[in-house]
Amino acid sequence: MSEYTATRSGAPAATAATPTTKRRLRIPDVAALVVFLGLEVLVFSLSSPYFFSWDNFVNIFSALAVTGTVAAGATILLISGQVDLSVGSGVAWVGLVFALTQPTIGTALAVPLAVLAGLGVGLLNGLIVTVVGVNALITTLGTLAIFRGLTISVGEGQSIGVSGFDWALIRPVANVPLPVIVVVVVLVGVGLLLQNTIYGRSIYAIGANPDAARLVGLPTRRNVFVAFLISGLCMAMAGLTSASQLGATSGTTGVGLELAAITAVILGGTSLSGGVGSVGGTVVGLLIVAVLGNGLTLMRIDSSWQQVATGALLILAVSFDRLRARMAER
Amino acid sequence: MTNDTFLRARGLRKSFGQVEVLHGVDLDLAPGTVTALLGENGAGKSTLVRIIAGDHHCDGGEIAIDGTVVDSYSVAQARRRGIRLISQEISDAPTLSVAENVVLGAWPQRGMRVDRSAMRREASEALQALGTELDLDARQDSLRLGERQIVEVARALRGESRLVIFDEPTASLSDAEAKRLYGVIESLTTRGVAVLYITHRLDEVFAIADRVCVLRDGKVALVTDVARTSAAEVVASMVGHSVERTRGAQRSLADAPVVLELTDASAPGFGGVNLAARRGEILGLYGKVGSGVAEVAEALFAIRHLEAGSLALDGTPARLRDPQDAIGHGIGFLPPDRARQAAFVLRSVAENLAAPSWRRLARWRGWITRAVETNAYRRWHDELHVRSTGDATQLLGTLSGGNQQKVLLGRWLEAGSRILVLSEPTRGVDVGAREEIYAVLRELAAQGTTLVVASSDYEDIVAVADTAIVMVRGRVAATIPHHDITVSALTEAAGGAIHV
């Protein structure tokens, strides 16, 4: 028998995690995405003289006001390991409730009613997921269809004009319209909520390990329920913003909004399986998509191609991240 | 020499990023011999095994199979050479049948179709070769853990195997199931198969292994015939120094008030259990897997609800609704399955430690900052001898098992729990960290914390318990006072010798 010998002495191995945990622990690098965003800005600045201007940046932010508001709520839900597909329908539903009631009861009453309509969607989703125990994907796929159908049916498929509700056009400071200020406040608010409150910490904990969260005494179901309510509140905000920005609402308002929001959140590094992510990442994700859309428009590229570009971008960004992770492991 | 070696590894090196985890490891595996591979967590066992199984490629060194040096190979190529890895985690398809799970990935075919009768025949033969009969049509997830592991082994052994690697196979098995596995290993070696057996348990080494190889910090620390070594030598080479089994001194607890009491308690998994723990006492609950000790521990933390009997805290009857309620009563709980039930591996160590205390740590209302969590972490980091980078934002999952366990223990110290229920506190914890955890538990008890240590590992009980309660099939079989707590007393009361 030959002897086993150590041929070299070296530094003791660190408390090394096994490679599998390493793979699982890797967090998509937001910094890489910021670099990508910078490249986007650079390319578009060079290809269009109008791109790099204050007014155009304001345009970009105005364009993401609605998506950004629902993406804020989606960030909380995805981190907690849940998902809400009903936000697009919810936005249309909120717009409809507002547009139908505002002429009779006035703006002052129609706004809270519209907020209640959004909260109602969130409440329904939250109850079905946390009390009945249906998977969030299935639940919100159902409510997506229900509220889209309700909106089209009650609104008779027509576009309904909204008048006397043009707050979204007000530009209080530096030519920045109110919806931009609103979406920034919402995103900062959700960011602080996630980073600096017990609620936010619990959301991460629940997404990272629901059993462990329950065993350290966190009210997991209540917290998830509240996350759906917040998503409902975001729908209400987005619905009112959309109605004011467009001056109308219809059965097709907000179609595909849920996917746009989730795209931005995932681009920003939030994990679909929960426990990982941040609002900062979501903001970068939102900007990457919005800058791409804006830049392509300035280059007079048809908007349907923007969808192709956004989809390709999502897959490329996530694939790139995977590849980089695999390279780092070698 | 070459003739009696199936696999010969020389100078294997492997780095992950900047960290070299194997610094030139030699290993010889001979047909018909069982080589036990030991080492603390992070010593490099998993990496070594993955290289042999083709899952990783080494950065330096060479591997010869049957005397021929082979270049880096894939898992599939390793399989073709007869190398089989049975990993710790079960990787079956729970919703498929037992027969399908045995042949998973290599279905017998007739043309394009799966030949179902051949599948059943092959599955049945494979299981019989392991001395097992299972209902081939049962769904995999209807089996018990041990049975699922047997299916896993049956699948791995299909085709001609020359080297079988077991990665801590008995960690979650009952004694009977473990014994059955030892039988399987014996039948493998008589057929001339080389076996590499990773374990944490010394009794297994001396029961089934011919050779023992100890890794420490990515190097071979000891390699010898089992017959020529001792448990003390093996342990010393694992930790780098000798370890004495220290037993807590007998303390007088008769005057201390009873803090925790179960009277005629029954719940799914146990019945008619009476137990009482005084202030500052460490009550050991010993029993094999399925004996009910884990279930009693769960009931004390309201994960499991009592169907009959009662629980009293400080002499007052208490009904605990849920874990949150239990925490409110000053109870802390360390669950047996760290990864699934306790650890937030993707979150920072500080957050993991502070989680149950967030409400108390919050500045006002629900407002919490990283700083208060960091302070909480600093408070316990040194006290618990957590080996880490010292950075409070380090992810928990980057610590070794033993150090994760210390952070999770710190969780309840920070929460100020006066009763701590620990279920399998040293599972997946290496020898050195084990001793440190025992020391912490004794210290806590000395300071007046009441501890209930529920374990299927007699070492835990012998090391710390003031009183031991032994359970068999959901009932209390014996209550052993401090001076009588020995390995043999425990195993005897649990109904059998140490499984060998």
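Residues numbered from 1 in each chain as written. Chains lettered and ligands numbered in written order. Predicted model: local features only at pLDDT ≥ 70, side-chain atom pairs only at ≥ 80, totals over all residues. Heavy atoms only, no water.

1. Looking at the overall build of chain A
Within chain A one finds 14 helices and 2 strands. Out of the 330 residues in chain A, the part that is buried amounts to 51%. Partitioning the intrachain contacts of chain A with sequence separation of at least 6 by distance along the chain shows that 77% fall at a separation of at least 24. (Helix = DSSP H or I, 4+ residues; strand = E, 2+ residues; numbered from the N terminus. Buried < 20%, exposed > 50% of the residue type's maximum accessible area, 1.4 Å probe, protein only. Contact = heavy atoms within 4.5 Å.)

2. A closer look at the overall build of chain B
For chain B, the count of helices and strands is 18 helices and 22 strands. Against the compact-globule benchmark of 23 Å for 500 residues, chain B has a radius of gyration of 24 Å, which places it among compact chains. By principal-axis analysis of the C-alpha atoms, chain B measures approximately 70 × 50 × 50 Å. Here chain B, with 500 residues, has 58% of them falling under the buried criterion. Taking the contacts inside chain B whose residues are at least 6 apart along the sequence as the reference set, 66% of them involve residues at least 24 apart. Total accessible area on chain B is roughly 20200 Å²; 48% of this is exposed by carbon and sulfur atoms. Charge-centre separation for chain B: the mean point of 57 positive side chains lies 4 Å from the mean point of 63 negative side chains. (Rg over C-alpha atoms; globule rule 2.2 N^0.38 Å. Areas by Shrake-Rupley, 256 points an atom, 1.4 Å probe, with all protein chains shown as cover. Lys, Arg positive; Asp, Glu negative; His and termini not counted. Charge placed at Lys NZ, Arg CZ, Asp CG, Glu CD.)

3. Observations regarding a nonpolar patch on the surface
Residues and elements named next belong to chain A. Taken together, Val-35, Leu-39, Leu-42 and Leu-46 make up a surface patch of nonpolar side chains, about 430 Å² in accessible area. Note on placement: Val-35 falls in helix H2 (residues 30-47). For Val-35, a relative accessible area of 54% puts it in the exposed group. (Patch = residues over 30% accessible without salt bridge, like charges linked within 9 Å, V, L, I, M, F, W, Y side chains within 5 Å. Salt bridge = Lys/Arg side-chain N within 4 Å of Asp/Glu carboxyl O.)

4. Quick notes on the confidence of the model for chain B
Interpretation of this model should avoid reading the predicted coordinates in detail wherever pLDDT is low. The pLDDT averaged across chain B works out to 86; a share of 95% of its residues lies at or above 70. Predicted as a complex, the structure gets a pTM of 0.77 and an ipTM equal to 0.78. (pLDDT = per-residue confidence, 0-100.)

5. Let's talk about helix H4 (residues 116-129) of chain B
Residue and element names in this part refer to chain B. In a regular helix each residue adds 1.5 Å, so 14 residues correspond to 20 Å; H4 covers 20 Å between its end C-alpha atoms and thus fits that length. Within H4, the full set of buried residues consists of Ala-118, Met-119, Ala-123, Ala-126 and Leu-127. One face of H4 carries all of its buried residues, which in axial projection span an arc of 160 degrees. Gly-131 sits one or two residues past H4 and shows a positive phi near 70 degrees. (Expected span 1.5 Å × (residues − 1). Arc of directions from axis to C-beta.)

6. Some details on the confidence of the model for chain A
Residue and element names in this part refer to chain A. On average, residues of chain A score 86 in pLDDT, and 89% of them reach the 70 mark or higher. By mean pLDDT, helix H1 (residues 19-25) is the weakest element of chain A at 41, and helix H4 (residues 65-79) is the strongest at 96. Taken together, the stretch residues 1-27 has pLDDT below 50 and engages in 70 contacts with residues farther than four places along the chain or on a different chain.

7. Re the sheet that holds strand S16 (residues 308-313) of chain B
Residue and element names in this part refer to chain B. The 4 strands are arranged S14-S13-S16-S17 in an open sheet whose pairing can be described as antiparallel. Across the chains shown, the open sheet's two edge strands, defined by having one partner strand only, are strand S14 (270-278) and strand S17 (316-317). Across 5 bridges, strand S13 (residues 258-267) lies against S16 in antiparallel orientation. Bridged to Thr-263 within S16 is Ser-310. (Pairing = 2+ DSSP bridges.)

8. Notes on the pairing of strand S1 (residues 7-16) of chain B
The side chains of a regular strand alternate between both faces of the sheet. All names here are of chain B. Of all 10 residues that make up S1, 7 are buried, and the element is covered over most of its length. Looking at chain direction, S1 and strand S4 (residues 60-65) are connected through 5 bridges and run antiparallel. When the sheet's bridge partners are listed, Ala-9 is paired in S4 with Ile-63.

9. Quick look at the sheet that holds strand S15 (residues 282-286) of chain B
All names here are of chain B. Taken together, 6 strands build an open sheet; the order of strands is S18-S19-S20-S15-S21-S22 and the sheet is mixed. Two strands bound the open sheet, and with one partner strand each, they are strand S18 (331-334) and strand S22 (475-481). For this sheet, the mean angle separating the axes of adjacent strands, direction not counted, is 15 degrees. Note: S15 against strand S20 (residues 450-455), 5 bridges, orientation parallel. (Axes fitted to C-alpha atoms, helices over the stretch in contact; angles between N-to-C directions.)

10. With respect to the environment of Val273(B)
Residues and elements named next belong to chain B. Tracing the sequence through the fold places Val-273 in strand S14. According to the relative accessible area criterion, Val-273 is buried, its value standing at 1%. If we ignore the near neighbours within four places in the chain, the residues touching Val-273 are Leu-262, Thr-263, Asp-264, Ala-265, Val-296, Met-471, Gly-474 and Val-476.

11. Remarks on the pattern of salt bridges
Going through the model one piece at a time under the given rule, you end up with 29 salt bridges over all chains. Between Arg201(A) and Glu373(B) there is a salt bridge; the shortest N-O distance is 2.8 Å. Here Arg201(A) is found in helix H9 (residues 198-208), whereas its partner Glu373(B) is found in helix H14 (residues 370-381) on a different chain. Per residue, the accessibility class of Arg201(A) equals that of Glu373(B), and both read buried. For Asp66(B), the salt bridge goes to Arg162(B), with nearest N and O atoms at 3.1 Å. Residue Asp66(B) is located in the loop between S4 and strand S5 (68-70), and its partner Arg162(B) is located in the loop between helix H5 (145-156) and strand S9 (163-167); the two are separated by 96 residues in the primary sequence. Classification of Asp66(B) as partly exposed rests on a relative accessible area of 43%. Exposure remark for Arg162(B): the relative accessible area of 27% places this residue in the partly exposed category.

12. Digging into unusual backbone geometry
Residue and element names in this part refer to chain A. One non-glycine residue, Arg-300, lies in positive phi territory at about 55 degrees. Of note, Arg-300 is situated in the loop between helix H13 (279-298) and helix H14 (303-329). Judged by its relative accessible area of 76%, Arg-300 is exposed.

13. Brief notes about the state of the cysteines
Joining two cysteines, a disulfide is a covalent bond between their sulfur atoms. Residue and element names in this part refer to chain B. Per the counting criterion, the structure on display carries 0 disulfides over all chains. Cysteine Cys-58 shares no disulfide, and the gap to the nearest cysteine sulfur, in Cys-213, comes to 16 Å. Given the relative accessible area of 26%, Cys-58 is considered partly exposed. (Disulfide = S-S within 2.5 Å.)

14. Concerning the packing of aromatic side chains
Applying the stated criterion across every chain yields a total of 9 aromatic pairs over all chains. Each ring, one from Phe52(A) and one from Phe57(A), has its centre 5.2 Å from the other, and the planes form 85 degrees; the classification is edge-to-face. By relative accessible area, Phe52(A) is classed as exposed at 56%. Ring geometry for Phe166(B) against Tyr197(B): centres 6.1 Å apart, planes inclined by 45 degrees, an arrangement best described as tilted. Note that Phe166(B) is positioned in strand S9 and Tyr197(B) in strand S10 (residues 194-198), a separation of 31 residues in sequence. Residues Phe166(B) and Tyr197(B) agree in their burial class; the two are buried. Here the aromatic cluster, defined as three or more aromatic residues joined through ring pairs, consists of Phe44(A), Phe51(A), Phe52(A) and Phe57(A). Here the guanidinium or amino end of Arg347(B) rests over the ring plane of Tyr204(A), the centre of that ring lying 3.8 Å away. (Phe/Tyr/Trp six-rings, centres within 6.5 Å; stacked < 30°, edge-to-face > 60°. Lys NZ or Arg CZ within 6 Å of the ring centre and 35° of its normal.)

15. Quick look at the packing of H4(A) against helix H8 (residues 178-196) of chain A
Residues and elements named next belong to chain A. Their axes nearest at 8 Å, the elements H4 and H8 cross at an angle of 10 degrees. By the angle between their axes, H4 is roughly parallel relative to H8. Along its contact with H4, which presents Ala-65, Gly-68, Thr-69, Ala-72, Thr-75, Ile-76 and Ile-79, the element H8 presents Pro-179, Val-183, Val-186, Leu-187, Val-190, Leu-193 and Leu-194. Grouping the constituent residues of the contact of H4 with H8 by class yields 11 nonpolar, 3 polar and no charged. (Parallel < 35°, antiparallel > 145°, perpendicular 65-115°, else oblique. Nonpolar A, V, L, I, M, F, W, Y, C, P; charged D, E, K, R; others polar.)

16. Some remarks on the side chain of Lys45(B)
Residue and element names in this part refer to chain B. Tracing the chain through its elements places Lys-45 in helix H1 (residues 45-52). Salt bridges are absent for the buried Lys-45, whose nearest opposite-charge side chain, Glu-168, sits at 4.5 Å. Within the local environment of Lys-45, its side chain forms a polar contact with the backbone oxygen of Gly-39, the two atoms lying 2.7 Å apart. Non-local contacts of Lys-45, meaning those with residues more than four positions away in its chain, are made with Leu-37, Leu-38, Gly-39, Glu-40, Ile-198, His-200 and Leu-215. (Polar contact = N/O pair within 3.5 Å; in protein donor to acceptor, adjacent residues only side chain to side chain.)

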